[in-house]
Amino acid sequence: QVQLVESGGGLVQAGGSLRLSCAASGLTFSSYGTGWFRQAPGKEREFVAAITWSGGRTTYADSVKGRFTVSRDNAKNTVYLQMNSLKPEDTAVYYCAADHSRLPYASSTYYSRESEYDYWGQGTQVTVSS
């Protein structure tokens, strides 16, 4: 049974940092590109960042570029999202998702489409206070 489990969310003040983790089981995670999405109250889910299956390429939404960093440790079946300089508008439930296409490049057009992903986690809440 495939599972993606996010962790590391919480409450942080504006300007602070959090590191989210996405731990995978039941699949060869190193063969999957991985994306991070978020959904704020009353808003649609939106793309945040993605990393290719090898970890060699990344892509980010403009709203987080320069503040967030996605990385992976395939030996630990885990993908990370380091979030720095957090803003109140970053408040949302954050989801990770896995895609089996093994794209060698980090296409933002491709990875921003929710329909491209095969598996999703349940999400972790991030709240940034002003």
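Just above, that's the structure.
If you're wondering where the values come from, they're calculated on a predicted model, not measured in any experiment. Every chain is numbered independently, its residues counted from 1 as its sequence is written. The predicted nature of this model means local features are confined to residues of pLDDT at least 70 and side-chain atom pairs, given and counted, to a pLDDT of 80 or more, with totals for whole chains, interfaces and linings taken over all residues. Remark: hydrogens and water are excluded; side-chain values derive from all non-hydrogen atoms of the structure.

A.B. asks: Lay out the sheet that holds strand β1 (residues 3–7) with the relevant residues and their values.
C.D. replies: What holds strands together in a sheet is hydrogen bonding between their backbones, with the strands either parallel or antiparallel. In this scheme, strands are said to pair when DSSP sees at least two bridges between them. The numbering of helices and of strands both runs from the N terminus, where a helix is a DSSP run of H or I of at least 4 residues and a strand a run of E of at least 2. With antiparallel pairing, four strands are arranged side by side in an open sheet as β1-β3-β8-β7. The strands lining the two open edges of the sheet, one partner per strand, are β1 and β7 (68–73). This sheet shows a mean twist of 15° between the axes of neighbouring strands, independent of strand direction. With six bridges joining them, β7 and strand β8 (residues 78–83) adopt antiparallel strand pairing. Bridged to T69 within β8 is Q82. Angles here are taken between N-to-C directions and fall from 0 to 180 degrees, while the axes themselves are lines fitted to C-alpha atoms, restricted in helices to the stretch in contact.

A.B. asks: Please set out the nonpolar core residue by residue, giving values where relevant.
C.D. replies: Across soluble globular proteins, nonpolar side chains show a tendency to be buried alongside one another. Ranked by size, the top nonpolar core spans 37 residues in total, and within it F29, W36, L81, M83 and Y94 carry the most contacts. When contributions to this core are tallied by element, the ones reaching two or more residues are β3 (18–25), β4 (33–39), β5 (46–51), β7, β8, β9 (92–99), α1 (108–111) and β11 (124–129). It only takes one pair of heavy atoms within 4.5 Å for two residues to be counted as in contact. With residues up to four places along the chain from it excluded, the contact list for M83 reads G16, S17, L18, L20, R67, F68, Y94 and V126. Think of a nonpolar core as a cluster: buried Ala, Val, Leu, Ile, Met, Phe, Trp, Tyr and Cys residues, connected wherever their side-chain atoms sit within 4.5 Å. Burial classes follow relative accessibility: with a 1.4 Å probe on protein chains only, a residue under 20% of its type's maximum area counts as buried, one over 50% as exposed, and anything between as partly exposed.

A.B. asks: Break down the packing of aromatic side chains for me, citing the residues and quoting the values.
C.D. replies: Each Phe, Tyr or Trp ring, with Trp reduced to its six-membered ring, pairs with another whose centre is within 6.5 Å; inter-plane angles below 30 degrees give stacked pairs, above 60 give edge-to-face pairs, and intermediate values give tilted ones. Applying the stated criterion to the full structure yields seven aromatic pairs. Where Y32 meets Y119, the ring centres are 6.1 Å apart and the plane angle is 55°; that geometry is what we call tilted. With Y32 in the loop between β3 and β4 and Y119 in strand β10 (residues 119–120), the pair connects residues that are 87 residues apart, well separated along the chain. Y32 gets classed as buried once you look at its relative accessible area, which sits at 8%. Classification of Y119 as partly exposed rests on a relative accessible area of 31%. These aromatic residues form a ring-pair network of at least three members: F37, F47, Y110, Y111, Y117 and W120. Placement of a charge over a ring requires the Lys NZ or Arg CZ to be within 6 Å of the ring centre, with the centre-to-atom vector within 35 degrees of the ring normal. A cation over a ring is seen here: R45 above Y95, with NZ or CZ 4.8 Å from the ring centre. In this structure, R102 packs its charged tip against the face of W53, placed 3.9 Å from the ring centre.

A.B. asks: If you had to explain unusual backbone geometry to someone new, which residues and values would you point to?
C.D. replies: Although it is not a glycine, N77 adopts a positive phi angle of roughly 55°. Within the element layout of this structure, N77 appears in the loop between β7 and β8. One non-glycine residue, R102, lies in positive phi territory at about 55°. Relative to the elements of secondary structure, R102 occurs in the loop between β9 and α1. A residue is classified by how much of its surface remains accessible, and R102, at 38% relative accessible area, is partly exposed.

A.B. asks: Which residues make up the state of the cysteines, and what values do they have?
C.D. replies: The disulfide criterion used throughout: a pair of cysteine sulfur atoms within 2.5 Å. Applying the stated criterion across every chain, the model contains one disulfide. Each sulfur in the disulfide pair C22 and C96 lies 2.1 Å from the other. In this structure, the disulfide formed by C22 and C96 twists by about 65° around the S-S bond and is classed as right-handed. Pair noted here: C22 is in strand β3 and C96 is in strand β9, with a separation of 74 residues, a long-range link. Accessibility assignment for this pair places C22 and C96 in one class, buried.

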